[in-house]
Amino acid sequence: MKGLKLIIVDKVLKNYNPDISVLACGAPQFDLFKQLIINVDDILKFVKNTSGKVIANHMESINHY
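Residues numbered from 1 in each chain as written. Predicted model: local features only at pLDDT ≥ 70, side-chain atom pairs only at ≥ 80, totals over all residues. Heavy atoms only, no water.

## Overview of the overall build of the chain
A tally of helices and strands in the chain yields two helices and two strands. Helices (α) and strands (β) of the chain occur, in sequence order from the N terminus, as α-β-α-β. Within the chain, buried positions represent 17% of all 65 residues. When contacts within the chain are restricted to residue pairs at least 6 apart in sequence, long-range pairs at least 24 apart make up 62% of them. Of the roughly 5,600 Å² of accessible surface on the chain, a fraction of 60% belongs to carbon and sulfur atoms. (Helix = DSSP H or I, 4+ residues; strand = E, 2+ residues; numbered from the N terminus. Buried < 20%, exposed > 50% of the residue type's maximum accessible area, 1.4 Å probe, protein only. Contact = heavy atoms within 4.5 Å. Areas by Shrake-Rupley, 256 points an atom, 1.4 Å probe, with all protein chains shown as cover.)

## Re unusual backbone geometry
Phi at Asn-17 takes a positive value of approximately 45°, unusual for a residue other than glycine. Tracing the backbone shows Asn-17 in the loop between helix 1 (2-16) and strand 1 (20-25).

## Some words on the nonpolar core
Counting residues in hydrophobic clusters, the biggest one holds five residues: Leu-13, Leu-23, Cys-25, Ile-43 and Phe-46. Every element with two or more residues in this core is listed here: strand 1 and helix 2 (40-49). When sequence neighbours within four positions are dropped, the list of residues in contact with Leu-13 reads Pro-18, Ser-21, Phe-46, Asn-49 and Thr-50. (Core = buried A, V, L, I, M, F, W, Y, C linked by side-chain atoms within 4.5 Å.)

## Regarding helix 2
Of the positions making up helix 2, those classed as buried are Asp-42, Ile-43 and Phe-46. Angular distribution of buried residues about the axis of helix 2 spans 100°; they occupy a single face of the element. Residues of helix 2 that are exposed and angled more than 90 degrees away from the buried face: Val-40 and Lys-48. (Arc of directions from axis to C-beta.)

## Focus on the pattern of salt bridges
Applying the stated criterion to the full structure yields one salt bridge. We note a salt bridge from Asp-10 to Lys-14, for which the minimum N-O separation is 3.3 Å. Placement of both Asp-10 and Lys-14 in helix 1 is noted, with a separation of four residues, approximately one turn of the helix. The exposed category is assigned to Lys-14, whose relative accessible area is 62%. (Salt bridge = Lys/Arg side-chain N within 4 Å of Asp/Glu carboxyl O.)

## A short note on the side chain of Thr-50
Position of Thr-50 among the secondary structure elements: in the loop between helix 2 and strand 2 (53-58). For Thr-50, a relative accessible area of 13% translates into the label buried. Separated by 3.2 Å, the side chain of Thr-50 and the backbone nitrogen of Gly-52 make a polar contact. Apart from residues lying up to four places away in sequence, Thr-50 is in contact with Leu-13 and Pro-18. (Polar contact = N/O pair within 3.5 Å; in protein donor to acceptor, adjacent residues only side chain to side chain.)

By themselves, these are just geometric observations and shouldn't be taken as functional.
Written as structure tokens, this is what we have:
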């Protein structure tokens, strides 16, 4: 499923060409399950595929209770 999400994100980047993108980063995961959001490799792919600026926001800077 993660690969499909990256394909969709890549299409959105090409269609809308945003000047600024904000990514929720930090690679949190459940103890027994897969990661909840994108990992470092996904972040690097995103940065390479966009011509705009990227703000990588760590999840601890957002209240997520």
